[in-house]
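Structural features, examined
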Amino acid sequence: MSPQKRVKNVKAQNRTSQGSNSFQTTLSAWKVKQGASNSKNISKHGQNNPVGDYEHADDQAEDALQMAVGYFEKGPIKTSQNKDKTLEKHLKTVENVAWKNGLASEEIDILLNIALSGKFGNAVNTRILKCMIPATVISQDSVVKAVSWLCVDKCSGSTKVLFYRWLVAMFDFIDRKEQINLLYGFFFASLQDDALCPYVCHLLYLLTKKENGEIENGKLILFQGMQPHLQALLSLYKFFAPALISVSLPVRKKIYFKNSENLWKMALLAVKQRNRGPSPEPLKLMLGQANVRPLKRKWNSLSVIPVLNSSSYTKECGKKEMSLYDCLNRSGSFPLEQLKSFPQLLQNIHCLELPSQMGSVLNNSLLLHYINCVRDEPVLLRFYYWLSQTLQEECIWYKVNNYEHGKEFTNFLDTIIRAECFLQEGFYSCEAFLYKSLPLWDGLCCRSQFLQLVSWIPFSSFSEVKPLLFDHLAQLFFTSTIYFKCSVLQSLKELLQNWLLWLSMDIHMKPVTDSPLETTLGGSMNSVSKLIHYVGWLSTTAVRLESNSTFLLHFILDFYEKVCDIYINYNLPLVVLFPPGIFYSALLSLDSSILNQLCFIMHRYRKNLTAAKKNELVQKTKSEFNFSSKTYQEFNHYLTSMVGCLWTSKPFGKGIYIDPEILEKTGVTEYKNSLNVIHHPSFLSYAVSFLMLQTLPRERGGNREKGKKWSWYLDYLFSQGLQGLKLFIRSTEGINYNNQY
Amino acid sequence: MDSYDVPESTPSASSRPEDYFVGATPLQKRLESIRKQTSFIPTPPRRKIPQCSQLQEDVDPQKVAFLLHKQWTLYSLTPLYKFSYSNLKEYSRLLNAFIVAEKQKGLAVEVGEDFNIKVIFSTLLGMKGTQRDPEAFLVQILSKSQLPSENREGKVLWTGWFCCIFGDSLLETVSEDFTCLPLFLANGAESNTAIIGTWFQKTFDCYFSPLAINAFNLSWMAAMWTACKVDHYVATTEFLWSVPCSPQSLDISYAIHPEDAKALWDSIHKTPGEVTQEEVDLFMDCLYSHFHRHFKIHLSATRLVRVSTSVASAHTDGKIKILCHKYLIGVLAYLTELAVFQIE
């Protein structure tokens, strides 16, 4: 495989292995991270506790809760004198926290175990069960563990009843249900217990799927009691498999089950509220744009991204008379719910049942693979429409009174970016969204996410995208802080990298697959070089606006570190040099690391240009991508300036020409020497520590002696980690040493 | 600031930009069209004055009468995936079950015949601009009377309809798996709209977004509707401006006799059958200056929130009431255009 491919893989790994908060734009993620660490305190106890005001009080409550849970975990201490008091105190703590903020799923896990294991008395178990109110969700495993306690009969009948009531009431908050569904048979068997029957019926009613209906309904005929709860279950079975149930059920019966929720009514509302996110801020006075109707946008679901459901629903609509057999064994197609691994995906890729709402793939990495490789237009179009509309609806600065959902929008963007990183490919919907929203963006809202979206713009003609995107970005760039400038440069660097990776892949894959863009290599290179020139223009102006800030220069040089290596790293015929404004700012910088980076970049340029030249000579045939001699001239010009400054102490002769008269006027007598390696201001601190380190014999003049000292000093600089300088000097060693004085 | 000019690019390959993307995928074509849309003024500077369309002749007059004089809430809707006009009956059944299930969440219900509501899907034949436009259809929820003696068809609880009038630009970009009905209008309880919208979203993988009408488009509506020839005026021409101020916003209502409005329009209007952006601006400016002369208030500094004429009335919230049978298609054509713009 070509080296490009490997590069890409490594990059992909790096990227995906990074934390969720910093996929790419690490700099611009700073603020976000800070925010995240602040909120960590809060989220510790209740996932995302929406109200921050309670923070301090909550911390104390949290400690008490931990103690209480620890107490219950240890079990009742027989010897303790005031056992009852302690128990009461801890119970109270748990109850208070549970009713106020809800319990984390781990706490529920522990306490549920305790309540059903019979360690404590019946009264305590009841109280614990009654306050098993989740902060957000209950883990499926906790429920499975709890059910296993029922089998060993450690708890009383009333506790069991309460447990089933609890299970029914909290059913919607259990995170997954597959494992619980596997216990279907156990629950079904529990129907024989008269006390449990009504509640188990209700649970089964909630759990039953088509498959269960088929298997179990035969047995149910045995219970001919016709209590309302059994009727409910039977009617459900009858619905799924009408042919197998011959019992006629009375009509016009509306309520079958006793209401299990009564005990937790208020708590359930609170959990739903919590899961839905923070309460809206008070409305602000609005100017300008059209008011948007209040949020009915998330009509039914709690999250922005739809839940994964296979599309059998739609399919069934079509065929009216469907046999029960067909209904139960949808032969041929592979249900999404069962898709768990990549090999499974590969085996069933031809008969995969697609989700009913394409947007749900965003949360499912396997299906993202599918979306990525399938060239089925309807699939892509459905996803495109969903994502475009959702972005438009959710975008908080796009519509006036959407601001209360900032957090949610940020999370949504994070999910999208995660998917893009995973696929190493941008979505068209996001690009379209950027066109529409960038002109309205304030440069602050979701900055990190927004700039990451920029870096994932799919490769396209730069001149077409420029007026829509980059012109707006430039306006923001010039009027914002230095940090914003750096973030933008960073994301443009990533954009360049993504384009280069894409192009280098594309060129080598071209004979095999149909590239989505029918581009000519020349056209593509032209587009990339325009992007680089655009960044060059931004950088030159920014350096002046920020008066040669070192910080900014770092980001600019980072960008050029990518640029200088295009020919070798990506095997693409393109070498673009930096503009003079950047080169000379870096050369005359007061910071050693900048100069070092510059040396490194010059070294890499040299490598790339030599490689290109060599290829030209080897191939002989005049390819259309021979670099013009202008590029070489430009590079040589820079090289001469650099060598003149750092090495030969002839700074203003060939490279930058400054009239000697003007130089005289500055009054600097030794201007010729003052920029060479020994006197360069950026190395001043190194020079000082070098002198302090070395006890050198006093100068005796001779050129040999001087030359020795010169190379000692260089070795010292190299040993201090100035690798760029080392590489640069080593690679330009051909240049006459003796000219240095 | 430096002038931005790209130096001659290094590789000397010659290529014109239009050579780049020849065989692009449909998604790329879509992106191209969005680029064009975004880079120029979003709306064309001229539009046709609504005309009485020929196609409207075969519309069931009863159904049309049912659509008029009601306040509709507007939504834009992305294309419906795998929607089939031959399955309307089945859809009624499924939506019926879904509504009942949603309304009685948590309670067990009998799945079968015994609902006290009824869902009816029906097509609105002839409700289209061109032959290519897909057929519009109507969804109604009726309450069923509990007493068998009474009329079984109870009162209408909720109505919604889907249409596409001159939706060519959208139709061109999608394959036959999709049905493009970008404009959705609902009348009835919002909770019902939510349930039904959810069902459509789940079943046909489409997306509903509220369609607001900004002041710019409201002015266009004002001009176009004033330009319509109406046999007898049923309502005054009225504008409503909102002044944002604390604690309560202040509304300014400005009513004109429809004939005066028409006279003003005729004095401005030049090209027959067409309305241009300049004319719209001039029309509104005249109204502004007239108002300023009397009340010394610059309406141009406030926000237009509602326009009512004898043809139709529209609110910036995305609410519309169509009054005139003759221009129904014309009004819908403009709304379709706005909806398509929102989903593109």
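Residues numbered from 1 in each chain as written. Chains lettered and ligands numbered in written order. Predicted model: local features only at pLDDT ≥ 70, side-chain atom pairs only at ≥ 80, totals over all residues. Heavy atoms only, no water.

**Details of the overall build of chain A**
The number of helices and strands found in chain A is 34 helices and zero strands. The buried share among the 741 residues of chain A stands at 53%. For chain A, contacts bridging at least 24 residues in sequence account for 74% of all contacts bridging at least 6. Accessible surface, chain A: about 34,600 Å² in total, of which carbon and sulfur atoms supply 55%. (Helix = DSSP H or I, 4+ residues; strand = E, 2+ residues; numbered from the N terminus. Buried < 20%, exposed > 50% of the residue type's maximum accessible area, 1.4 Å probe, protein only. Contact = heavy atoms within 4.5 Å. Areas by Shrake-Rupley, 256 points an atom, 1.4 Å probe, with all protein chains shown as cover.)

**Concerning the overall build of chain B**
Within chain B, the secondary structure is distributed over nine helices and 15 strands. A burial count over chain B gives 55% of its 344 residues as buried. Considering only contacts within chain B whose residues lie at least 6 apart along the sequence, 71% involve residues at least 24 apart. Taken as a whole, chain B presents about 15,600 Å² of accessible surface, with 54% of it coming from carbon and sulfur.

**Quick look at the side chain of Arg604(A)**
With respect to the element layout, Arg604(A) can be found in helix α29 (residues 592–619). A polar contact of 3.0 Å, which involves the side chain of Arg604(A), links it to the side chain of Asp565(A). (Polar contact = N/O pair within 3.5 Å; in protein donor to acceptor, adjacent residues only side chain to side chain.)

**Focus on the pairing of strand β10 (residues 237–243) of chain B**
Residues and elements named next belong to chain B. With six of seven residues buried, β10 lies mostly within the body of the structure. With seven bridges connecting them, β10 and strand β11 (residues 250–256) associate as antiparallel partners. Bridged to Phe239 within β11 is Tyr254. Sheet topology places β10 next to strand β13 (residues 303–308); five bridges connect them, and they run antiparallel. Bridge pairing in β13 places Ser242 opposite Arg303. (Pairing = 2+ DSSP bridges.)

**Considerations on the packing of aromatic side chains**
Under the criterion given, the structure shown has 70 aromatic pairs over all chains. Judged by centre distance (5.4 Å) and plane angle (80°), the ring pair of Phe578(A) and Tyr605(A) falls under edge-to-face. Of this pair, Phe578(A) sits in the loop between α27 (566–569) and α28 (580–587) while Tyr605(A) sits in helix α29, placing them 27 residues apart in sequence. Residue class for Phe578(A) comes out buried when judged on its relative accessible area of 0%. Owing to a relative accessible area of 0%, Tyr605(A) belongs among the buried residues under this scheme. The ring of Phe66(B) has Lys70(B) lying over it, and the distance from NZ or CZ to the ring centre is 3.9 Å. (Phe/Tyr/Trp six-rings, centres within 6.5 Å; stacked < 30°, edge-to-face > 60°. Lys NZ or Arg CZ within 6 Å of the ring centre and 35° of its normal.)

**Here we look at the pattern of salt bridges**
Here the structure, examined in full by the defined rule, presents 15 salt bridges over all chains. One salt bridge in this structure joins Arg382(A) and Asp205(B), with 2.8 Å as the shortest N-O distance. Within this pair, whereas Arg382(A) is found in helix α19 (residues 377–394), its partner Asp205(B) is found in the loop between α5 (190–204) and β9 (208–210), the two belonging to separate chains. Look at Arg382(A) and you get buried, because its relative accessible area is 3%. Judged by relative accessible area, Asp205(B) falls into the buried class, the value being 5%. Each of Glu88(A), Lys92(A), Glu95(A) and Arg127(A) takes part in a single network of salt bridges with overlapping partners. (Salt bridge = Lys/Arg side-chain N within 4 Å of Asp/Glu carboxyl O.)

**Digging into the packing of helix α8 (residues 157–169) of chain A against helix α11 (residues 197–207) of chain A**
Residue and element names in this part refer to chain A. In contact at an axis separation of 9 Å, α8 and α11 are set at 25° when each is read in the N-to-C sense. It follows from the interaxial angle that α8 and α11 lie roughly parallel. The chirality of how α8 crosses α11 is left-handed. Mapping the contact onto sequence places Val161, Tyr164, Arg165, Leu167 and Val168 in α8 and Tyr199, Val200, His202, Leu203 and Leu206 in α11. Of the residues assigned to the contact of α8 with α11, the class counts are eight nonpolar, one polar and one charged. (Axes fitted to C-alpha atoms, helices over the stretch in contact; angles between N-to-C directions. Parallel < 35°, antiparallel > 145°, perpendicular 65-115°, else oblique. Left-handed = near helix turned anticlockwise from the far one by under 90°. Nonpolar A, V, L, I, M, F, W, Y, C, P; charged D, E, K, R; others polar.)

**Quick word on helix α22 (residues 447–455) of chain A**
Most of α22(A) sits out of view: nine of its nine residues are buried. Among the residues of α22(A), those classed as buried are Arg447(A), Ser448(A), Gln449(A), Phe450(A), Leu451(A), Gln452(A), Leu453(A), Val454(A) and Ser455(A).

**Side note on unusual backbone geometry**
Residue and element names in this part refer to chain A. We note that Asn548 has phi near 55°; this positive angle belongs to a residue other than glycine. By secondary structure assignment, the location of Asn548 is in the loop between α25 (521–545) and α26 (550–563). Under the relative-accessibility criterion, Asn548 is labelled partly exposed at 44%.

**Looking at the packing of helix α4 (residues 83–100) of chain A against helix α6 (residues 122–130) of chain A**
Residues and elements named next belong to chain A. The contact between α4 and α6 brings their axes to 9 Å, and the two run at 20°. It follows that α4 is roughly parallel to α6 by the angle criterion. The handedness of the crossing between α4 and α6 is left-handed. Between α4 and α6, the residues in contact are Leu87, Glu88, Leu91, Lys92, Glu95 and Trp99 and Val124, Arg127, Ile128 and Lys130, respectively.

**Observations concerning the pairing of strand β15 (residues 319–322) of chain B**
Regular strands place their side chains on alternate faces of the sheet. All names here are of chain B. Residues Ile320 and Ile322 of β15 are buried on one face, while the alternating residues Lys319 and Lys321, pointing to the opposite face, are not. With three bridges joining them, strand β2 (residues 71–77) and β15 adopt antiparallel strand pairing. Following the sheet pairing, Thr73 is matched in β15 by Lys319. Relative to β15, strand β14 (residues 312–315) runs antiparallel, the two being bridged by four bridges. Bridge assignment links Ser313 to a residue of β15, and that residue is Lys321. Hairpin geometry of β14 and β15 is characterised by an intervening segment of three residues between the two adjacent antiparallel strands and by a positive phi of about 90° at Gly318.

**Quick look at the nonpolar core**
Residues and elements named next belong to chain A. Core analysis: the largest hydrophobic core is formed by 160 residues, its most contacted members being Ile416, Phe470, Ile532, Tyr534, Phe578 and Tyr605. Here this core gets 12 residues from one element, more than from any other, and that element is helix α24 (residues 482–509). Those residues in contact with Ile532 that lie beyond four places of it in its chain are Leu496, Phe559, Tyr560, Val563, Ile566, Leu574 and Val576. Counting 66 residues, the second largest nonpolar core, distinct from the first, contains Val69, Leu150, Phe173 and Leu233. (Core = buried A, V, L, I, M, F, W, Y, C linked by side-chain atoms within 4.5 Å.)

**Notes on a nonpolar patch on the surface**
Taken together, the side chains of Trp99(A), Met266(A) and Leu269(A) make up a nonpolar region of the molecular surface, amounting to roughly 350 Å² of accessible area. Turning to its location among the elements, Leu269(A) is positioned in helix α14 (residues 265–276). (Patch = residues over 30% accessible without salt bridge, like charges linked within 9 Å, V, L, I, M, F, W, Y side chains within 5 Å.)

**Topic: the confidence of the model for chain A**
Residues and elements named next belong to chain A. With 72% of its residues at a pLDDT of 70 or more, chain A shows a mean pLDDT of 76. The least confident element of chain A, judged by mean pLDDT, is helix α2 (residues 29–46) at 41; the most confident is α26 at 96. Contacts of residues 1–55 to residues separated by more than four positions or lying in other chains number 77 contacts, the stretch itself having pLDDT below 50. (pLDDT = per-residue confidence, 0-100.)

**A look at helix α3 (residues 88–103) of chain B**
Taking 1.5 Å per residue, 16 residues should reach 22 Å; α3(B) reaches 22 Å between its end C-alpha atoms and fits that length. When α3(B) is considered as a whole, its buried residues turn out to be Leu88(B), Glu90(B), Tyr91(B), Ser92(B), Leu94(B), Leu95(B), Asn96(B), Phe98(B), Ile99(B), Val100(B) and Glu102(B). (Expected span 1.5 Å × (residues − 1).)

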